[in-house]
Amino acid sequence: MRTLNTVIFPVAGLGTRMLPATKVMPKELLPVYDTPLLQFAIDEALAAGAKRIVLVSHPDKPAIAEYFRHDAALEATLAEKGKHDLLAAVEASNLPEGVDLHIVMQHEQLGLGHAVLCGADYAGDGPVGVILPDDLILGAPCLAEMTAAYDPETMNSLVAAQQVAPQHVSRYGIFDCDESVRDDALPCARFVEKPDPSVAPSRLAAVGRYILDQSVFDILRGTGRGAGGEIQLTDAIADMGGIHAFRFSGTRHDCGSKDGLVEATLAVQKMRKRAHLSVAAK
Ligand code: UTP
């Protein structure tokens, strides 16, 4: 598979770890240096070839839809004032021609699995991507790497994975797979949500990028509440079988946590300064 048609963005969560910053401002619009988290995620989906963006939001987060409103008046003001760099930055936040945006509501935050199911009506045909914008991955665009590695003949899912500290396994979906396999895509026997460290099958943890076969939606319709009383995407992926974990090459920052957001901000500041210096040197 070379491109991914549809990418679902679950953005309905409460963002409690970032309160009070997220009391009014959705977590997904918090800035990382100069750009909202959600914009990084959209750019990553576009780099994977996405033609349909599906945002699963919540009625208490109207700013998410507002962010995608084309602001012609702002663009005209910036053009008039000769602020060309800022104009280019604002224009880059408009979705390109030929890319559709759908916003659906998850009225009750019943969990990530439920949020993905809310996007089912717009999922189109073929494998679907899922990006959790609060997991920022810098470096090579992760979803594009995964799209190149996804084989619909042998895989029902491909999930970005990284090693985490033993004391953190209970925060993640954890894979049971043969990590001696040299391939970037590892077949896995099991996938367990938030296991107790004493019974966790490994320290290889899922982070917020998924490519899923369409059959996930049927499975999710029958998935009951799991860890934390939520409908877990991990449980549906485990039920589908054909699970694969993907070792991506970029660096992931957990921007759903305060320290992760600060670290990501410093990393993007460094990236921007490097880009600025290389333009200045030309
Ligand atoms: P998190 O587990 O980070 O939850 O969700 P959260 O509510 O956003 O944040 P905290 O833990 O309270 O601080 C992971 C992703 O899944 C989405 C979130 O918006 C986030 O992108 N999500 C989660 C939903 O869209 N709906 C849900 O019911 C749960």
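Quick summary incoming for the structure in this document. (Residues numbered from 1 in each chain as written. Predicted model: local features only at pLDDT ≥ 70, side-chain atom pairs only at ≥ 80, totals over all residues. Heavy atoms only, no water.)

**Regarding the overall build of the protein**
- When helices and strands are counted, the protein shows nine helices and 13 strands.
- In summary, the protein has a C-alpha radius of gyration of 19 Å against a globular reference of 19 Å for 282 residues, a match within 12%.
- In terms of overall dimensions, the protein has C-alpha extents of about 60 × 40 × 40 Å along its principal axes.
- Taking all 282 residues of the protein together, 45% fall into the buried category.
- The contacts of the protein with a sequence gap of at least 6 include a subset with a gap of at least 24, amounting to 78%.
- For the protein, the exposed area adds up to about 13,700 Å²; of that, 52% sits on carbon and sulfur atoms.
- Looking at charge distribution, the protein has the averaged site of its 26 positive side-chain charges lying 7 Å from that of its 36 negative ones. (Helix = DSSP H or I, 4+ residues; strand = E, 2+ residues; numbered from the N terminus. Rg over C-alpha atoms; globule rule 2.2 N^0.38 Å. Buried < 20%, exposed > 50% of the residue type's maximum accessible area, 1.4 Å probe, protein only. Contact = heavy atoms within 4.5 Å. Areas by Shrake-Rupley, 256 points an atom, 1.4 Å probe, with all protein chains shown as cover. Lys, Arg positive; Asp, Glu negative; His and termini not counted. Charge placed at Lys NZ, Arg CZ, Asp CG, Glu CD.)

**Brief notes about the pattern of salt bridges**
- Within this structure, the stated rule accounts for 10 salt bridges.
- Residue Lys27 is joined to Asp134 by a salt bridge in which the shortest nitrogen-to-oxygen separation is 2.7 Å. Of the two residues, Lys27 is situated in the loop between strand E1 (6-10) and strand E2 (31-32) and Asp134 in the loop between strand E6 (128-131) and strand E7 (135-138); the sequence distance between them amounts to 107 residues.
- Judged by its relative accessible area of 11%, Lys27 is buried. (Salt bridge = Lys/Arg side-chain N within 4 Å of Asp/Glu carboxyl O.)

**Some remarks on the packing of aromatic side chains**
- Within this structure, the stated rule accounts for two aromatic pairs.
- Centre to centre, the rings of Phe175 and Phe191 are 4.4 Å apart; their planes meet at 0°, and the pair counts as stacked. Separated by 16 residues along the polypeptide, Phe175 in strand E9 (residues 173-177) and Phe191 in strand E10 (residues 185-193) bring together distant segments of the chain. This pair shows no difference in class: Phe175 is buried, exactly as Phe191 is. (Phe/Tyr/Trp six-rings, centres within 6.5 Å; stacked < 30°, edge-to-face > 60°.)

**Examining the site of the ligand**
- In the region of the ligand, 17 residues are neighbours, and Gly13, Thr16, Arg17, Lys27 and Gln106 sit closest.
- Contact distances for the ligand include 2.8 Å between an oxygen atom and a backbone N or O atom of Leu14.
- At 3.2 Å, a side-chain N or O of Glu28 approaches an oxygen atom of the ligand.
- Looking at the shell around the ligand, its residues break down into seven nonpolar, six polar and four charged. (Near = heavy atom within 4 Å. Polar contact = N/O pair within 3.5 Å; in protein donor to acceptor, adjacent residues only side chain to side chain. Nonpolar A, V, L, I, M, F, W, Y, C, P; charged D, E, K, R; others polar.)

**So, the environment of Leu204**
- Looking at the element boundaries, Leu204 is found in strand E11 (residues 204-212).
- Setting aside anything within four residues of it in sequence, one finds Leu204 in contact with Ala161, Gln162, Gln163, Gly173, Ile174, Phe175, Cys177, Glu179, Leu186 and Ala245.

**Notes on the nonpolar core**
- Among the nonpolar cores identified, the biggest contains 31 residues, and Phe175, Leu212 and Ile237 are the most heavily contacted of them.
- The residues touching Ile237, leaving out its near neighbours within four places in the chain, are Ser157, Val159, Phe191, Tyr210, Leu212 and Ile243. (Core = buried A, V, L, I, M, F, W, Y, C linked by side-chain atoms within 4.5 Å.)

**Some details on the environment of Leu86**
- Positionally, Leu86 belongs in helix H4 (residues 84-91).
- Placed 11 residues apart in sequence, Leu86 and Glu75 show a C-alpha to C-alpha distance of 8.9 Å.

**Quick look at the packing of helix H3 (residues 72-80) against H4**
- It is the contact of H3 with H4, at a shortest axis distance of 8 Å, that shows an interaxial angle of 160°. As the angle between them shows, H3 and H4 are arranged roughly antiparallel. Relative to H4, the crossing made by H3 is left-handed. Here Leu74, Glu75, Leu78 and Ala79 of H3 come into contact with H4, specifically with His84, Leu86, Leu87, Val90 and Glu91. (Axes fitted to C-alpha atoms, helices over the stretch in contact; angles between N-to-C directions. Parallel < 35°, antiparallel > 145°, perpendicular 65-115°, else oblique. Left-handed = near helix turned anticlockwise from the far one by under 90°.)

**Let's talk about helix H9 (residues 258-281)**
- For H9, which comprises 24 residues, the first-to-last C-alpha distance of 35 Å matches the rise-based estimate of 34 Å (1.5 Å per residue) to within 8%.
- Along H9, the residues that are buried comprise Gly260, Leu261, Ala264 and Val268.
- In the core, the buried residues of H9 are packed alongside E2, helix H1 (37-47), E7 and strand E13 (251-254). (Expected span 1.5 Å × (residues − 1).)

**Side note on unusual backbone geometry**
- Residue Pro20 is reached from Leu19 by a cis peptide bond, and omega for that bond is 5°.
- For Pro20, the position within the fold is in the loop between E1 and E2.
- For Tyr33, which is not glycine, the phi dihedral falls at a positive 65°.

**Some words on the pairing of E9**
- Among the five residues of E9, four are classified as buried, and the element is accordingly described as predominantly covered.
- Relative to E10, E9 runs antiparallel, the two being bridged by five bridges. Residue pairing across strands places Ile174 opposite Val192, the latter belonging to E10. (Pairing = 2+ DSSP bridges.)

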